[in-house]
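Residue-level structure breakdown
One-letter residues, chain by chain:
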Amino acid sequence: MTSRNDPNSAPRYAYVGSRTTRERNARGEGISVYAIEADGRLRLMQVFGGLVNPSFLALNRDRSRLYTVHGDGHEISVLAIDPEHGTISLLQTQECGGLNPVHLALDPTEQWLLVSDHLGVGRQGGALLVMPVRPDGTLDPVIQRVEMTGTPGPHRKEQPHAKPHFNPFDPSGKFVVVPDKGFDRVFVFPFDDGRIDTDAQRWVDTRTGAGPRHIAFHPTLATVYVVNELDSTVAAYRFDTATGGLSPFQALSTVPDSFTGNNTGSEIAISRCGGQLYASNRGHDSIAAFGVDSTTGRLTFQGATSSLGKTPRFFALEDEQSRMYVLNEDSDSIIVFSTDSTDGVTLDVIQQIESGSPVCLVI
C-alpha cells in the first residue's frame, strides 16, 4: 500500500468547470485541468475551451470519462480523459431538452445518467431526466422526464415553479434524492434498471422560503443534510433506507448570529469520517463548519471562515489529504485549504490561484 506522499503513486487530477457567457458576467474559458501536487497545490495542465458554461461536472469511476452540463443551455457533453496526462478531449454533445441543466449523476452501474433540468421547457418548471449511457461512455437521448409536483414558494424571483437543483443517489444506489428550490420540497424517487418510479416517490416539505439546494449523506448514519439556499440554513433529516422517507430533526443557520447582511447558501459536504460538516455562504463569503454528533447526527455550529474571495459557489473535500478546494466565482479564484485543524473551523491556506468564474471541481 502506498502512502499519500509516495512519489511513485499514480498522479491525480482536478477538473474545474466555469461560467463562460456574457449573460452570466463570466470570465471563464471552459474546463481547466490541474495536476494535484503532493502538497495539495494545483498545477495547470490544460484549459479546454469551446464549451458554453460547463458549470457542473461528473467523473465515472475509472476516470476515463468526464460529463458536463451546459448551464443556461439544453445539452450534456462527454469528454474523454487521457489516462497518462489527465487531459481531455470532446467525445459527444447530446441534447437533453429543457433549459439550464444544473446537476448530473451517474447511477452505480454507470449505465444511466440523471440530470436536473432547472427551468424546464419554456421556463415552465424543471424536471429530472434519465439518459442511457452507452458502453463507450457516450449518451443516448433522454428516455424519461419526470416533472416535480408541488406549490411554488413565496420568493417571487427564485420560486416561480419547480426548480430541481441536485440529484445524487443515496449510498445504496436505490434512491435518487432531489432538492427542489422552487417548491420548498425534497423529493426521493426509487430508481431501478433505468426507470424512476414516480408512483413510489416520497417527499418532505422544508420551511416556507427555504429553497433547498444541495445535500450530503452521512457516511455511517442514516442521515441526510440539506443546505437551503434562500434562508441560509442547514436542515438535518433521518433517512429511511428501506422506503426513502425523510424525517426532519434539526435546522441551523449557516451564518454567525452577528451577520445581518444578505446571504445565500450554496454547497454542502461532509468529511469521510462523518465528524465534520461544511456549507458555503455567498454574501457572507465564508465556509461554515459544523461538528456532527457521532451517535445522533445532530449538528453544532462551530463558526465560519472567510473563503478569501467573493461568492464561493462550490467547494470540494479531499479527506485523505485533509484538503478543501474552494471556488470563488465572482473573484475568479480557487483557494486550497488544509482541514487538519482540531477545532473544525480553522482552515489554513495552502495556495491561492486565479481561475475565471470557477463553479465546480471534481477529483
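Sequence order sets the numbering: in each chain, residues are counted from 1 along the sequence as written. Reporting in this predicted model follows two pLDDT cut-offs: at least 70 for local features of residues, and 80 or more for side-chain atom pairs to be given and counted; totals over whole chains, interfaces and linings ignore these cut-offs and use all residues. Side-chain numbers here rest on the full set of heavy atoms in the structure, without hydrogens or water.

1. Concerning the side chain of Gln92
- Strands are runs of DSSP state E lasting at least two residues, helices are runs of H or I lasting at least four, and both sets are numbered from the N terminus onward. Note on placement: Gln92 falls in strand β7 (residues 88-95).
- Polar contacts involving the side chain of Gln92 include one to the main-chain amide nitrogen of Leu139, which spans 2.7 Å.
- By the convention used here, residues are in contact when the closest approach between their heavy atoms is within 4.5 Å. In this structure Gln92 touches Ile76, Ser77, Val78, Arg134, Thr138 and Leu139, once residues within four positions along its chain are discounted. Identification of polar contacts relies on pairs of N or O atoms within 3.5 Å, with a donor-acceptor requirement for protein atoms, meaning one able to donate a hydrogen and the other able to accept it, and with residues adjacent in sequence counted only if both atoms are side-chain atoms.

2. Some words on the sheet that holds strand β8 (residues 101-106)
- When DSSP finds at least two bridges between two strands, those strands are taken to pair. In spatial order, the strands read β8-β9-β10-β11; together these four strands make up an open sheet with antiparallel pairing. Edge strands, defined here as strands with exactly one partner in the open sheet, are β8 and β11 (144-147). Taken over all neighbouring pairs, the strand axes of this sheet differ in orientation by 20° on average, direction set aside.
- As paired elements, strand β10 (residues 127-132) and β11 share four bridges and run antiparallel to each other. Bridge assignment links Leu128 to a residue of β11, and that residue is Val146. The convention used is that axes are lines fitted to C-alpha atoms, helices contributing only their stretch in contact, and that angles between N-to-C directions extend from 0 to 180 degrees.

3. Some remarks on the packing of aromatic side chains
- Ring pairs are drawn from Phe, Tyr and Trp, using the six-membered ring of Trp, whenever the two centres fall within 6.5 Å, and their geometry is named by plane angle: stacked under 30 degrees, edge-to-face over 60, tilted for the rest. One pass over the full model with this rule turns up eight aromatic pairs.
- Arranged with centres 6.1 Å apart and planes meeting at 90°, the rings of Phe175 and Phe239 form a pair that is edge-to-face. Of the two residues, Phe175 is situated in strand β12 (residues 175-180) and Phe239 in strand β18 (residues 233-239); the sequence distance between them amounts to 64 residues.
- Consider the ring centre and the ring normal. A charge sits over the ring if Lys NZ or Arg CZ is within 6 Å of that centre and within 35 degrees of that normal. A cation over an aromatic ring shows up here: Arg238 above the ring of Phe249, its NZ or CZ 3.6 Å from the ring centre.

4. So, the pattern of salt bridges
- By definition, a salt bridge exists where a carboxyl oxygen of Asp or Glu is found within 4 Å of a side-chain nitrogen of Lys or Arg. This structure, assessed with the given rule, holds 16 salt bridges.
- Between Glu110 and Arg61 there is a salt bridge whose closest N-O contact spans 3.9 Å. Taken together, the residues span a long stretch of sequence, with Glu110 in the loop between β8 and β9 (112-117) and Arg61 in the loop between β4 (57-59) and β5 (65-69) at a distance of 49 residues.
- Burial classes: relative accessible area under 20% of the type maximum marks a residue as buried, over 50% as exposed, and values in between as partly exposed (1.4 Å probe, protein chains only). Taking relative accessible area as the criterion, Arg61 reaches 56% and is therefore assigned exposed.
- Lys181 is paired through a salt bridge with Glu158; the nearest N and O atoms lie 3.0 Å apart. Here the residue Lys181 occupies a position in the loop between β12 and β13 (185-192), and Glu158 occupies one in the loop between β11 and β12, the gap between them amounting to 23 residues.
- One network of salt bridges, in which partners are shared, links Glu158, Lys163, Lys181, Arg213, Glu229 and Arg282.

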